[in-house]
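Residues per chain are reported as follows:
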Amino acid sequence: MGNQPQAMRRFRLRDIVEDRRIVLMLALGFSSGLPLLLVLGTFTLRLAFSDIDVRAIGLFSYVALPYSLKFLWAPAIDRINVPVLGRRLGRRRAWMVTTQAAVALCLILMAFSDPKTNLALLGLGAFLMAFCAASQDVVIDGWRIDAAGSDFQGILAATSNLGYRLGLIAAGAGALFIAAAGGWTLAYLIMAALMLVGMVAALLAPAFDSARPAVIATAGRSRLWSIRRAVSEPLTELHGRFGGALWGILVLVALYRLPDFLSGVMASPLYRTLGFDLKEIATVTKLYGIWVGIAGGFAGGWALARLGLFPTLLLGAFLAAASHLAFAWLSAGAPEIWRLTVAISIENFCGSFAGIVLIAYMSSLTSPAYAATQYALFSSLYALPGKLIAGASGFIVAAIGYPAFFVLTSLVGIPVLALCLAVGRRNGQPAAEAAPAQATNTAGNRSTGAELPSTARAPGAA
């Protein structure tokens, strides 16, 4: 039997060294962030340096679509056990190890695929890797939600964000330095080897597999019925808890980071238009900026632990939208390094703060029995609208210019704040249960479904 739940408590600094979930989450976050640039920025640089036509490079951006569509197969990951490994490791850990090994194999395939002679094979490897990496994200998110109580979600989310950004550094600057010294084959092989970090963490992680409600078997039910149930049950459970407010919550999730998606597409063209060279852009935005983002992520985690979810949700919505005014200010002035540094500091800190808050908010909306599926739905929903609308951002800039464009993206924050006030407090609990839950939760965070304690449980604890 698993350990008995302990009383909820606040995060303590000594938990960083005492609670192994933090170290494991750091490694899993690294494994989650590593593949992303290897199908985006680093991948397109490899194509460019191989003299591939720019139109083909643009088309290859679609290989990363599985990251936005992972909710389609998340129900299978949430319900189906990996043969053999599932019995030995538990459902979540077995899927982690399987997807991480698959990502490593795809990276090896890409390492030995020359864009000049095997472009189709390279593209296939990139697409398969994106699919496996997106699947890895689904199961890691599910493990994180199962492994932490509501008071600990912000800390684990911030730790995951740190690991994720370290993975981005390795796959971005790290891979480019290796490729410059020893070629792209060596760079991708080393990236494949780095996936061992996540595999070791998955093997050492406790099995936090939430027990599912018992379902009475019905004779004659087909596998198709089981798949339909795997998709419908998580959605039905959400609607049952939130009722009509679910639609407002979905719109809030979809719009919360929309300003970032809109402005992010036009940031790089802005730097070039202003006259910054590649060295200046790399130093300020890729090296300095990523550490500012890490600081913003931990600030978001601290705010969640100290202020509670709803106040931090409001603060994050305001900061995320208002930070784009820094880009409007940058675009209206001279191309000076100190101005770029100030703008990146504000943008990256506030954007990461809001990102951590949104992760914690989406996590709080899920039920432990359907954590992976429901979280994949929310995380795909928050990304898809921005990616679809962002394609028109260039036309808007051409019509009204950079300063007005970034002011416009900031104004998107007004309806987001209104939605936060309208549905941000909804917790999906019946009124009779909500009062005692609120009385015992002085930090302002809420619990959903079966509460999870803040201290690590024994492997296999439900």
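What you see is a predicted model, and the numbers here were worked out from it, not measured in a lab. (Residues numbered from 1 in each chain as written. Predicted model: local features only at pLDDT ≥ 70, side-chain atom pairs only at ≥ 80, totals over all residues. Heavy atoms only, no water.)

Colleague: Whenever I open this one, the overall build of the protein confuses me. Can you help?
Modeller: Counting its regular elements, the protein contains 24 helices and zero strands. Here the protein holds 462 residues, and 54% of them are scored as buried. Across the protein, every contact between residues at least 6 apart in sequence was considered, and the portion connecting residues at least 24 apart equals 84%. When the accessible area of the protein is evaluated, it comes to approximately 20,300 Å², of which 70% is carbon and sulfur surface. (Helix = DSSP H or I, 4+ residues; strand = E, 2+ residues; numbered from the N terminus. Buried < 20%, exposed > 50% of the residue type's maximum accessible area, 1.4 Å probe, protein only. Contact = heavy atoms within 4.5 Å. Areas by Shrake-Rupley, 256 points an atom, 1.4 Å probe, with all protein chains shown as cover.)

Colleague: Would you mind going over the pattern of salt bridges with me for this structure?
Modeller: Pairs can form between side chains of opposite charge once their charged atoms are near each other. Here the structure, examined in full by the defined rule, presents three salt bridges. Between Arg144 and Asp141 there is a salt bridge, with the nearest N and O atoms lying 3.7 Å from each other. On the criterion of helical spacing, the pair formed by Arg144 and Asp141 is a turn pair, its members being three residues apart in helix H9 (residues 119-147). Just as Arg144 is buried, Asp141 falls in that class too. For Asp260, the salt bridge identified is with Arg257, shortest N-O distance 2.5 Å. Look at Asp260 and you get buried, because its relative accessible area is 13%. The exposure class assigned to Arg257 is buried, which follows from its relative accessible area of 14%. (Salt bridge = Lys/Arg side-chain N within 4 Å of Asp/Glu carboxyl O.)

Colleague: Whenever I open this one, the side chain of Ser331 confuses me. Can you help?
Modeller: Relative to the helices and strands, Ser331 is located in helix H18 (residues 324-331). Beyond its immediate sequence surroundings of up to four residues, Ser331 is in contact with Leu270, Leu274, Tyr402, Pro403 and Phe406.

Colleague: Help me understand the packing of aromatic side chains, please; the structure alone is not making it clear to me.
Modeller: In this description, an aromatic ring pair is defined by two values, namely the gap between the centres and the angle between the planes. Considering all chains together, one arrives at six aromatic pairs under this definition. Ring centres 5.3 Å apart and planes at 50° place the aromatic pair Phe327 and Phe406 in the tilted group. With Phe327 in helix H18 and Phe406 in helix H22 (residues 402-411), the pair connects residues that are 79 residues apart, well separated along the chain. The two residues Phe327 and Phe406 agree in class, both being buried. A residue is classified by how much of its surface remains accessible, and Phe406, at 0% relative accessible area, is buried. Every member of this aromatic cluster is reached through a ring pair, and the members are Phe327, Tyr402, Phe405 and Phe406. The cationic tip of Arg339 hangs over the ring face of Trp329; the distance from NZ or CZ to the ring centre is 4.1 Å. Sitting over the face of the ring of Trp338, Arg339 holds its NZ or CZ atom 6.0 Å from the ring centroid. (Phe/Tyr/Trp six-rings, centres within 6.5 Å; stacked < 30°, edge-to-face > 60°. Lys NZ or Arg CZ within 6 Å of the ring centre and 35° of its normal.)

Colleague: What's the story with a nonpolar patch on the surface in this structure? I'm lost.
Modeller: Together, Leu325, Ile400, Val407, Leu408, Leu411 and Ile414 give the surface a local cluster of nonpolar side chains, amounting to about 520 Å² of exposed area. Here the nonpolar patch takes three residues from H22, the largest share from any one element. Within the secondary structure, Leu325 is located in helix H18. On the basis of relative accessible area, Leu325 is assigned to the partly exposed category, the value being 44%. (Patch = residues over 30% accessible without salt bridge, like charges linked within 9 Å, V, L, I, M, F, W, Y side chains within 5 Å.)

Colleague: Any chance you could explain the packing of helix H8 (residues 91-111) against helix H11 (residues 184-194) here in plain terms?
Modeller: For any two helices packed against each other, the geometry is given by the interaxial angle and the distance between the axes. It is at 8 Å that the axes of H8 and H11 come closest, and there the two elements cross at 175°. The pairing of H8 with H11 is recorded here as roughly antiparallel in orientation. Contacts between H8 and H11 pair Ala104, Leu107, Ile108, Met110 and Ala111 from the former with Thr185, Tyr188, Leu189, Met191 and Ala192 from the latter. For the contact of H8 with H11, the class distribution of residues is nine nonpolar, one polar and no charged. (Axes fitted to C-alpha atoms, helices over the stretch in contact; angles between N-to-C directions. Parallel < 35°, antiparallel > 145°, perpendicular 65-115°, else oblique. Nonpolar A, V, L, I, M, F, W, Y, C, P; charged D, E, K, R; others polar.)

Colleague: Before we go on, may I ask you to explain the environment of Ser331 in this structure?
Modeller: Since its relative accessible area comes to 13%, Ser331 is described here as buried. The sequence separation of Ser331 and Leu270 amounts to 61 residues, and the corresponding C-alpha distance is 7.1 Å. Looking at Ser331, its side chain comes within polar contact range of the main-chain oxygen of Ala328, at 2.9 Å. (Polar contact = N/O pair within 3.5 Å; in protein donor to acceptor, adjacent residues only side chain to side chain.)

Colleague: Got a minute to help me understand the environment of Leu309 in this structure?
Modeller: In this structure, Leu309 sits in helix H17 (residues 309-322). On the basis of relative accessibility, which here comes to 9%, the residue Leu309 falls in the buried class. Residues Leu309 and Gly424, 115 residues apart in the sequence, show an inter-C-alpha distance of 8.8 Å.

Colleague: Explain unusual backbone geometry here, please?
Modeller: Phi is mostly negative for residues that are not glycine, and the peptide bonds are mostly trans. One non-glycine residue, Val84, adopts positive backbone phi at about 70°. Examined against the element boundaries, Val84 turns out to sit in the loop between helix H6 (74-79) and helix H7 (85-89).

Colleague: So what exactly am I meant to see when it comes to the packing of H18 against helix H19 (residues 337-365) here?
Modeller: Between H18 and H19, whose axes approach to 8 Å, the crossing angle comes to 165°. Here H18 lies roughly antiparallel to H19, going by the angle between them. Crossing of H18 over H19 shows left-handed handedness. Contact residues: H18 offers His324, Ala326, Phe327, Trp329 and Leu330, while H19 offers Trp338, Arg339, Leu340, Val342, Ala343, Ile344, Ile346 and Glu347. (Left-handed = near helix turned anticlockwise from the far one by under 90°.)

Colleague: Is there a simple way to think about the side chain of Glu237 in this case?
Modeller: Looking at where Glu237 falls in the secondary structure, it is placed in helix H13 (residues 223-242). In terms of polar contacts, Glu237 uses its side chain to reach the side chain of Arg241, at 2.5 Å. For Glu237, the residues in contact, after removing those within four places along its chain, are Ser367, Tyr370 and Gln374.

Colleague: What exactly am I supposed to notice about the nonpolar core here?
Modeller: Within soluble globular proteins, side chains that are nonpolar tend to cluster in buried spots. Grouped together as the largest cluster of nonpolar side chains are 63 residues, with contacts concentrated most on Phe43 and Leu107. Residue contributions to this core peak at 12 residues, all from H9. When sequence neighbours within four positions are dropped, the list of residues in contact with Phe43 reads Leu37, Leu38, Phe60, Val63, Met110, Leu122, Ala126 and Tyr188. If you look at the next biggest cluster of nonpolar residues, it comprises 32 residues, including Phe242, Leu246, Tyr256 and Leu358. (Core = buried A, V, L, I, M, F, W, Y, C linked by side-chain atoms within 4.5 Å.)

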